[in-house]
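Coordinate inspection notes
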Amino acid sequence: MSKEINKLQKRITKYNIICGLFMSLIIGLIFNLQIAVTFFIGMLVGLIGYISRAIVVKKWIGRGTFQILITTFIRICLIVALIFPIIYDFKLVISYLVGFMMNFLIEGFCIKI
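Report follows, based on the coordinates. Residue numbers run consecutively from 1 along every chain, following the written order of its sequence. At least 70 in pLDDT is required for a residue's local features to be given in this predicted model, at least 80 for side-chain atom pairs to be given and counted, and no such filter applies to totals for whole chains, interfaces and linings, which use all residues. To get the side-chain values, all heavy atoms of the structure are used, and hydrogens and water are removed first.

**A word on the side chain of Ser-95**
This is how it is decided: Runs of H or I in DSSP of at least four residues are treated as helices and runs of E of at least two as strands, each being numbered from the N terminus. Pairs of N or O atoms within 3.5 Å make up the polar contacts considered here, provided that, within protein, one atom can donate a hydrogen while the other can accept it, and that residues adjacent in sequence are counted only when both atoms are side-chain atoms.
Counting through the fold element by element, Ser-95 comes out in helix H4 (residues 90–112). A polar contact of 2.9 Å, which involves the side chain of Ser-95, links it to the backbone oxygen of Leu-92.

What follows is the structure in structure tokens.
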């Protein structure tokens, strides 16, 4: 089971990076570089959140739900803190959130195949 989970993690990471770069390129060509970079940062934050969630769950599953709750709270604070510099530019906030949510779509796609 552990080998399958590690293989899934590698596949999700690979697809996240490839899709993030490709979609950032397209967004950069259609809109502008700032929106593309913000989108890619959202994708990276989602990917980092996924990787940290996987590590924490592997390490503390069955032993301590308190540690899992604390790390989840820290991840949420990080996600919110990274949006503060762009909070007043609606286009950048939307591109960040779309990039962040793309991570979940890619996870679902990788789990299905």
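Back to the text.
**Examining the side chain of Glu-107**
Quick note on the threshold: Residue contacts are counted whenever heavy atoms from the two residues lie within 4.5 Å of one another.
When you line up the elements, Glu-107 lands in helix H4. Not counting chain neighbours up to four residues away, the residues in contact with Glu-107 comprise Ile-12, Tyr-50 and Arg-53.

**Considerations on the environment of Ile-17**
Turning to its location among the elements, Ile-17 is positioned in helix H1 (residues 2–30). Ile-17 sits 30 residues away from Leu-47 along the chain, and the two C-alpha atoms are 8.5 Å apart. If sequence neighbours within four positions are ignored, Ile-17 has contacts with Phe-40 and Leu-47.

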